[in-house]
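# A closer look at the structure
Residue-level listing of the chains:
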Amino acid sequence: MKGQKPLIIFGNGDMAKMMFCYLSDIYNIVAFAVDDECIVETQINNVPVVAFSKLTIDYAPELHCAIVAVGFVEMNKIRQARFESLMQLGYTLVNYIHPSAVIAANAKLGKNVIILEHVSIHPFSEVGDGVFISSQTNLGHHVKIKDHVWINAGVTVAGGSVLGSCCVLGMNASVSHGLVLGSETFVGANVFISGNTEFGDVFLPNEAVKFRMKSQRFLKLLKVI
Amino acid sequence: MKGQKPLIIFGNGDMAKMMFCYLSDIYNIVAFAVDDECIVETQINNVPVVAFSKLTIDYAPELHCAIVAVGFVEMNKIRQARFESLMQLGYTLVNYIHPSAVIAANAKLGKNVIILEHVSIHPFSEVGDGVFISSQTNLGHHVKIKDHVWINAGVTVAGGSVLGSCCVLGMNASVSHGLVLGSETFVGANVFISGNTEFGDVFLPNEAVKFRMKSQRFLKLLKVI
Amino acid sequence: MKGQKPLIIFGNGDMAKMMFCYLSDIYNIVAFAVDDECIVETQINNVPVVAFSKLTIDYAPELHCAIVAVGFVEMNKIRQARFESLMQLGYTLVNYIHPSAVIAANAKLGKNVIILEHVSIHPFSEVGDGVFISSQTNLGHHVKIKDHVWINAGVTVAGGSVLGSCCVLGMNASVSHGLVLGSETFVGANVFISGNTEFGDVFLPNEAVKFRMKSQRFLKLLKVI
């Protein structure tokens, strides 16, 4: 499997360190590229951390592939900007699809797509560039996920819905069928979206109810004895 | 795998077109059967669309198998009626179980059952005829799903609960243990059902809270910078 | 696979009977051990039910392995107590990990851990002794689950959070990143936890909204015709 071009991971945070674990079986990882002002270590897992401004000096774009592994800060705008810079420099942006994910044969995926464990993507769906999809997420049929969207674990998007670029979907959120979500929509965890949304809309779950008893008494009350 | 009887898919909507993708690797699909007044195309994927009233003329029941692939319109009553008609005509109604689904060896499944990716069905459970179960759903132990129930992705049904016929469960909904849901109960997405329900009851999630800021400012407030 | 030491299952309830199904392919199961006053049958699946006070007489600790398969009664305190007793007696406490679960190579698991179908555990996470994790659950990176926690199906715990000992998480619940949940926290189904919790806190979902129409009329209103 290591016959591919050596890989550069963009990022040095938890996301980059996590993706190192997934990617190191498949790629020869030769550098972490980081914005010059964000460098904290010189090495991560014995791999050099390289200032982005100097990346092309030792890591020629035509000889390396790259993947952006950064969180959704600034509604994915950082991830988007670094993806675009790496593309302009001429690096080959690659995908990571966990082998347990099931993706319909006619689904389309962009570049720099990360899809984790037990995801399913139903037929006729499309996933843009730079999209991150965490574990146990389902995209229904004819769903369209635009560029640089971030989808946390356990999300379900029903058939025919379109997620605008740079949206963030929280854990276990659900999106009804046939909707259009404006770009940069933020959907909180466990939220159900039942209508279209506008650019930058934020939807949060209702507060859970804090019960007045401690849990052991509560269970007795419920007859879970 | 194509040694089975040739297959007729009942339906011509998104559900039928989606199931064509799943089924075409396994079966030789020879027709889409459609209610006479619902025919719009003469072919789908080069497979003829046939009026249901004339189906038996060219597709003898003893030589073909069939599967109903229709959505939950009219609380699954259309799916149920077409299933019953096809059975009466003598077709062999078949199941589709995605290979990633894990179904306990002692679980029982009816006919015309569709189970998609990453579903799990725990021991001692029973699933009736015509049941549709979308991806990442879990049925706990001793669960009983009656005929023609529709379960969207990400649902969890806890141990010992019984879902009456033709119920619809929305995405990421949960049903507590040991309950009995009346037939045709509609459970909205992200809803938790904690008590028994009556015939035709409808439960909807609370509206999400729309926050007054746009998402980029909201993330700064949350210190996700 | 049956070359291991013969296995004793602690428990005689639904959890024990369910785990028998999962474990009987892997182990030679020789006894169900049960608190003396809880014995109801003398055999389950032709395997003898043995009073815990007399277990060591016929089932020498050095020759047998064991697993506690009891529900979360008393906020997991029974499970914890029996685990500790079996350890003290010298039995080897074993794990059950369903083969479809994906667990990061650098994740750490304690003893008597049960992990069911389609679970994913991301890199750098730790799971303590006696933890039960049901299907389709995701633990993010750097998550720490302390001893005897019970996690129902469909749960997501975001990166870096710590769950105190003996917590219970309901179906499809979500825990935000970087939190600390006090031990014995009870999180209801479909609840999102966004802040730290204290010992024994109980959080329940908001009641679903019961709609005034029956489901068939409701679907017509929604134009799902």
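Provided above is the structure to which this section pertains.
Below, the structure is looked at part by part. Counting from 1, residues in each chain are numbered in the order their sequence is written. Think of it this way: whatever chain is written first is A, whatever ligand is written first is 1, and the rest follow in order. Local features in this predicted model are restricted to residues of pLDDT 70 or higher, and side-chain atom pairs are both shown and tallied only at a pLDDT of 80 or more, whereas totals for entire chains, interfaces and linings draw on every residue. Neither water nor hydrogens contribute to the side-chain values; these are computed over all heavy atoms in the structure.

Residue and element names in this part refer to chain A. Pairing of aromatic rings covers Phe, Tyr and Trp, the last through its six-membered ring, and needs centres within 6.5 Å; plane angles under 30 degrees mean stacked, over 60 mean edge-to-face, and all others mean tilted. All told, the structure shown has 21 aromatic pairs over all chains when counted by the stated rule. Ring geometry for Phe-132 against Trp-150: centres 4.2 Å apart, planes inclined by 35 degrees, an arrangement best described as tilted. Within this pair, whereas Phe-132 is found in strand S13 (residues 132-133), its partner Trp-150 is found in strand S16 (residues 150-151), the two being separated by 18 residues in sequence. Only protein chains enter the accessibility calculation, which uses a 1.4 Å probe; a residue whose area is less than 20% of its type maximum is buried, one above 50% is exposed, and one in between is partly exposed. A residue is classified by how much of its surface remains accessible, and Phe-132, at 4% relative accessible area, is buried. Using a relative accessible area of 6% as the deciding quantity, one classes Trp-150 as buried. Pairwise contacts between aromatic rings join Phe-72, Phe-132 and Trp-150 into one cluster. Here a strand is any run of E in DSSP of at least two residues, a helix any run of H or I of at least four, and the numbering for each starts at the N terminus.

Turning our eyes to something else, we now look at helix H3 (residues 77-89) of chain C. Note that an α-helix has 3.6 residues per turn; residues three or four places apart therefore point the same way. Residues and elements named next belong to chain C. Helix span, as expected, comes to 1.5 Å for every residue beyond the first. Between its first and last C-alpha, H3 extends 18 Å over 13 residues, near the 18 Å set by a 1.5 Å rise per residue. Considered for burial, the residues of H3 that qualify are Arg-79, Gln-80, Arg-82, Phe-83 and Leu-86. Buried residues along H3 sit against strand S1 (7-10), helix H2 (55-58), strand S5 (65-68), strand S6 (92-93), strand S13 (132-133) and strand S16 (150-151). Remark: Gly-90 follows H3 within two positions and exhibits a positive phi of approximately 105 degrees. Should any heavy atoms of two residues lie within 4.5 Å, those residues are counted as being in contact.

We superpose the copies by least squares over the C-alpha atoms of residues that have a pLDDT of at least 70 in both of them. Superposition of chain C onto chain B requires a rotation of 120 degrees combined with a translation of 0.0 Å along the rotation axis, giving an RMSD of 0.0 Å. Taken together, the turn and the small shift mark the pair as related by a three-fold rotation axis.

Attention shifts here to the state of the cysteines. Note on terminology: disulfide denotes any pair of cysteine sulfur atoms within 2.5 Å. Taken as a whole and assessed by the stated rule, the structure comprises zero disulfides over all chains. The thiol of C:Cys65 is not disulfide-bonded; the next cysteine sulfur, from C:Cys21, is found 18 Å away.

Below, the discussion takes up the sheet that holds strand S23 (residues 192-193) of chain B. Residue and element names in this part refer to chain B. When DSSP finds two or more bridges between a pair of strands, those strands are recorded as paired. Across the sheet, which stays open at both edges, the six strands sit in the order S8-S11-S14-S17-S20-S23 with parallel pairing between neighbours. Both outer strands of the open sheet, strand S8 (102-103) and S23, are each paired with one neighbouring strand and no more. Direction of pairing for S8 relative to strand S11 (residues 120-121): parallel, over a ladder of two bridges. Bridge pairing in S11 places Ile-103 opposite Ile-121.

With that out of the way, let us pick up unusual backbone geometry. At A:Gln136, a residue that is not glycine, the phi angle is positive and equals roughly 60 degrees. Note on placement: A:Gln136 falls in the loop between S13 and strand S14 (138-139). A positive phi angle is found at B:Asn45, which is not glycine, with a value near 50 degrees. Assignment of secondary structure puts B:Asn45 in the loop between strand S3 (43-44) and strand S4 (47-51). Taking the relative accessible area as the measure of exposure, B:Asn45 reaches 45% and is therefore partly exposed.

Once that is clear, we can look at the interface of chain A and chain C. Contact residues are listed per partner, giving 34 residues for chain A and 41 residues for chain C. Accessible surface is computed with a 1.4 Å probe, and the buried area is the amount of it that two parts give up when combined, taken over both parts together. Taken together, both faces of the contact between chain A and chain C bury some 3,000 Å²; the carbon and sulfur share is 63%. For this document, the term salt bridge refers to a Lys or Arg side-chain nitrogen within 4 Å of an Asp or Glu carboxyl oxygen. At the boundary of chain A and chain C, one finds two salt bridges. Here C:Asp201 makes a salt bridge to A:Lys210, at a shortest N to O gap of 3.6 Å. Pairing of N or O atoms within 3.5 Å defines a polar contact, subject to two protein rules: one partner must be a possible hydrogen donor and the other a possible acceptor, and residues neighboring in sequence count only if both atoms are side-chain atoms. At the boundary of chain A with chain C, the tally comes to 24 residue pairs in polar contact (both at pLDDT 80 or more). Per-element tally for the side of chain A that touches chain C: the top contributor is helix H1 (residues 14-23) of chain A, with five residues. By the convention adopted, Pro, Cys, Tyr, Trp, Phe, Met, Ile, Leu, Val and Ala count as nonpolar, Lys, Arg, Asp and Glu as charged, and the other residues, Gly among them, as polar. Taken together, the residues of the side of chain A that touches chain C sort by class into 16 nonpolar, twelve polar and six charged. With two bridges connecting them, strand S25 (residues 209-210) of chain A and strand S24 (residues 202-204) of chain C associate as antiparallel partners. Across the sheet, A:Lys210 pairs through a bridge with C:Phe203, a residue of S24(C).

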